[in-house]
Amino acid sequence: FSRDSGKDCKAVAFSKDGSLFAWSNGEKVTVISVAGAEFLRSFDVPKAVCLEFSPKNSILVTWQPYAIAKDGTAGVPNLQLHEVKTGKCLKSFIQKKVKNWCPCWADDESICARIVNNEVHFFENNNFNTIANKLHLQKVSDFLLSPGAQPTKVAVYVPGSKGAPSFVRLYQYPNFCGPQAALANKSFFKADKVTMLWNKKATAVLVIASTEVDKTGASYYGEQTLHYIAANGESAVVQLPKNGPIYDVVWSPNSLEFCVVYGFMPAKATIFNLKCDPLFDFGTGPRNAAYYSPHGHILLLAGFGNLRGQMEVWDVHNYKLISKPVASDSTYLAWCPDGEHVLTATCAPRLRVGNGYKIWHYTGSLLHDHQVPDKEEMWQVCWQPCPEGVFPAQAVKYQAVPSELPSAEPKPAQAYRPPALRNKPVTASKLHEDEPPQNMKPQQGSSDKPLSKTALKNQRKHEAKKAAKQEAKADGNQEPRQPSAPQSAPRSTVPAPSSGDPEVDKKIKNLKKKLKAIEQLKEQAAAGKQLEKNQLEKIQKETALLQELEDLELGV
């Protein structure tokens, strides 16, 4: 392969099976056969910035930014479908937006679809002169064809308006007409946009519905909810035990389970089955992305973007941690088709300095590190795809494979310590407690399902009430004892007996409540928080309240 070093090389694409490679250099689009770097064809599309091959390599699709003529007349068609074998342009369309620019094909190329205004247009057997079928829904804004063999299914999203909910419907091509045509329907509020994900076997779709603004003010990033829709008509909302954004959702290649990374940092990651019951919880950690290996036996959790690039590699059959490498400043990660190696990269324009890529073995060894020279940028990096079955699944290894490169683990950064504390012992303090991983599968022989979020809340309330009743009984039957370890200043000065008079007990309880609130205000003040005038007045009343409490408990 002779290097094309023009400054305007801005787009590259492999075919789905990895046998063809295309790139645009600002003058033309060139296609070569990868096996011998043999030139096949070039297309005169100088401004092409997006390239894509159809699943069976018969068509190359190019997209150029849409431009209106200087006199204000409509621009020329900017989406072109070229036949790779002959070089002929089969069809040109006007596609103004880069979002959803590429038509979608079924895996056997029997169907091709693209969205036009409020309709999805279907073409059959790459005949683009005739629209074979139309799916018309008012204000349809997105669709997704199912992967795999025929019959092809279509997931369609229609945003809500004027108080009506948004909905996603599943259809089987070409049955779009009639009230009973939809295989499944799921409607929901709180959705400005959705992301739809089919599993590999085309039995179910996951829908991430998100709003631009969180009206509760809990998050800058809007609100997200996750919905499950099966092709047999079943649907559910996936209950996530921790509040916060949904960062990533990914199907396992076995199509029987999926992983969700969610919740305010440190984020949780959980694997769910097709009943939306949790199977395994990976606990909390600095992560915002999940990647299954091509064979589905290894799951990689990572924290990129504004996180430090920590990765966790898990054996998902045994739920065992394999390695924890760190790829700082990464903007991209991809598994190699062999299921053994992982590529991480720092690309422009996300980051314009320190560009380069690294190749890792999943056991944590860094095998290759390529850094781009200063003042140069790397825009894109990708593995050559391979057809399924070329690389058989290997047994999972836990021992790090040997590498000629030194360990890439960064030295732990020392926290800043003010001069007055530098010669004193370090006290460990955490902003939050990390949750450990736990297996959520119900034990064999037990029919108990994992409890939902609401059920868990109710169970905790019930247990707290039960414990409070038992304590009250114990207090009534026994002499008051001095607590062995005082928990806070007010409690350490006075014991907590029961007077026998319900009115006095009530007053004591209210005083303790006020003292506890004062204690919390004092902690906030010590942490540097600016208190309001009424809060400062509350703190000044502490001595009087303590005296009143002591008098009541001594029966004065």
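Please read these numbers as outputs of a predicted model, since none were measured by experiment.

Moving on to the pairing of strand S18 (residues 204–210). One face of the sheet, then the other: side chains in a regular strand alternate in exactly this way. Within S18, seven of the seven residues are buried, which leaves the element mostly enclosed by the surrounding structure. Side-chain alternation along S18 places Ala204, Leu206, Ile208 and Ser210 on one buried face and Val205, Val207 and Ala209 on a second face that is also buried. Two strands pair when backbone bridges link them, and strand S17 (residues 193–198) and S18 are joined in this way by six bridges, in the antiparallel orientation. By the bridge assignment, tryptophan 198 is partnered in S18 with valine 205. Here S17 folds back onto S18, and the loop between the two strands holds five residues, one of which, alanine 202, carries a positive phi near 60°. Two elements, S18 and strand S19 (residues 224–230), share seven bridges in a ladder whose sense is antiparallel. When the bridges of S19 are listed, valine 207 appears paired with histidine 227.

Next up on the list: the side chain of threonine 270. Structurally, threonine 270 can be placed in strand S23 (residues 267–273). Polar contacts involving the side chain of threonine 270 include one to the side chain of tyrosine 262, which spans 2.8 Å. Not counting the four nearest positions on each side in its chain, threonine 270 is found in contact with Phe258, Cys259, Val260, Tyr262, Pro278, Phe280, Asp281 and Phe282.

Glancing now at the nonpolar core. In this structure, Val120 and Phe122 are the most contacted members of the largest nonpolar core, which totals 19 residues. Elements that contribute at least two residues to this core include exactly strand S10 (111–116), strand S11 (119–124), strand S13 (142–145), strand S14 (153–158) and strand S15 (166–172). With near-sequence residues (within four places) excluded, phenylalanine 122 lies in contact with Ile111, Cys112, Ala113, Ile131, Ala132, Asn133, Leu135, Leu145, Val154, Tyr173 and Phe176.

With that settled, the discussion passes to unusual backbone geometry. A cis amide bond links tyrosine 173 with the next residue in sequence, proline 174, at an omega value of 0°. Structurally, proline 174 is set in the loop between S15 and strand S16 (184–188). A cis amide bond links methionine 265 to the next residue, proline 266, at an omega of 0°. Note that proline 266 resides in the loop between strand S22 (257–262) and S23.

For the rest of this paragraph, the subject is the pattern of salt bridges. A full pass over the atoms with the stated rule returns eight salt bridges. The partner of lysine 268 in a salt bridge is aspartate 281, and the shortest N-O contact between them spans 2.8 Å. Here the residue lysine 268 occupies a position in strand S23, and aspartate 281 occupies one in strand S24 (residues 278–285), the gap between them amounting to 13 residues. Close ionic contact of glutamate 542 with lysine 522 constitutes a salt bridge, the shortest N to O distance being 3.0 Å. With a gap of 20 residues between them, glutamate 542 in helix H5 (residues 542–554) and lysine 522 in helix H3 (residues 502–526) connect regions that are remote in the sequence.

How each quantity is defined
Residues numbered from 1 in each chain as written. Predicted model: local features only at pLDDT ≥ 70, side-chain atom pairs only at ≥ 80, totals over all residues. Heavy atoms only, no water. Buried < 20%, exposed > 50% of the residue type's maximum accessible area, 1.4 Å probe, protein only. Helix = DSSP H or I, 4+ residues; strand = E, 2+ residues; numbered from the N terminus. Pairing = 2+ DSSP bridges. Polar contact = N/O pair within 3.5 Å; in protein donor to acceptor, adjacent residues only side chain to side chain. Contact = heavy atoms within 4.5 Å. Core = buried A, V, L, I, M, F, W, Y, C linked by side-chain atoms within 4.5 Å. Salt bridge = Lys/Arg side-chain N within 4 Å of Asp/Glu carboxyl O.

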